[in-house]
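Letter by letter, the chains look like this.
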Amino acid sequence: MTVLDTVTISTCGLASLIREAPDTTLIVDCRGFTEYNESHIRHSMNAFFSKLIRRRLFENKLDDNCLIHQLMSCSTGCFKMDEKLDLVLYAEEDKPRGNKRRIASCNAPESTAKIMRVLRERLEDTDKFRSVMVLEDSFPFSCVVSLFSC
């Protein structure tokens, strides 16, 4: 399979990766807690549901080891600490919020796309992950129904 060391992965590629290497694939849902609880890819995890963790992530107050620990502690898989993993990040497409004027404030929620981008940038240079990939399609996906949990 040639999905390793690429920046993006398709839903069908993710299904293949999960079938071939479930023990070394970590899937992170970058959406909020509510969206994750409504529906998510089976075996994915939502490590950044806390507003405090999200804020610390954007303020660059979490070092790489802390980020990796957060991912590993929220994961349902039993990964070995010295094992290299394939990391797949996904989120939903950010939708415009109508004609309402958005007022910037320090309490405004960050977009899921921004969370995904920051995580990718921070984690792709660590030695914990063999590859850091972003799912090409936005959530929800019409292709791979068997990957979902509701």
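The text that follows walks through the structure, step by step, so that each part is easy to find. (Residues numbered from 1 in each chain as written. Predicted model: local features only at pLDDT ≥ 70, side-chain atom pairs only at ≥ 80, totals over all residues. Heavy atoms only, no water.)

Attention now goes to the nonpolar core. Core analysis: the largest hydrophobic core is formed by 25 residues, its most contacted members being Leu-26, Leu-123 and Phe-129. Every element with two or more residues in this core is listed here: strand 2 (25–29), helix 3 (51–58), helix 4 (64–74), strand 4 (85–90), helix 5 (112–123) and strand 5 (129–135). A per-element tally of this core places helix 5 first, with five residues. In this view, Phe-129 contacts Leu-26, Ile-68, Leu-71, Leu-85, Leu-87 and Leu-123; residues no more than four positions away in its chain are not counted. The next biggest cluster of nonpolar side chains, apart from the first, holds 10 residues, and it includes Ile-9, Ile-27, Tyr-90 and Met-133. (Core = buried A, V, L, I, M, F, W, Y, C linked by side-chain atoms within 4.5 Å. Buried < 20%, exposed > 50% of the residue type's maximum accessible area, 1.4 Å probe, protein only. Helix = DSSP H or I, 4+ residues; strand = E, 2+ residues; numbered from the N terminus. Contact = heavy atoms within 4.5 Å.)

Strand order in the open sheet made by the four strands is 1-5-4-2, with parallel pairing throughout. If you trace the sheet from one side to the other, it starts and ends with strand 1 (8–9) and strand 2, each paired once. By the bridge criterion, two bridges tie strand 1 to strand 5 in an arrangement that is parallel. Each residue of the ladder has a partner; that of Ile-9, found in strand 5, is Leu-135. Across the sheet, helix 4 lies against strand 2, strand 4 and strand 5, angled at about 95° from strand 2, the strand it touches most. (Pairing = 2+ DSSP bridges. Axes fitted to C-alpha atoms, helices over the stretch in contact; angles between N-to-C directions.)

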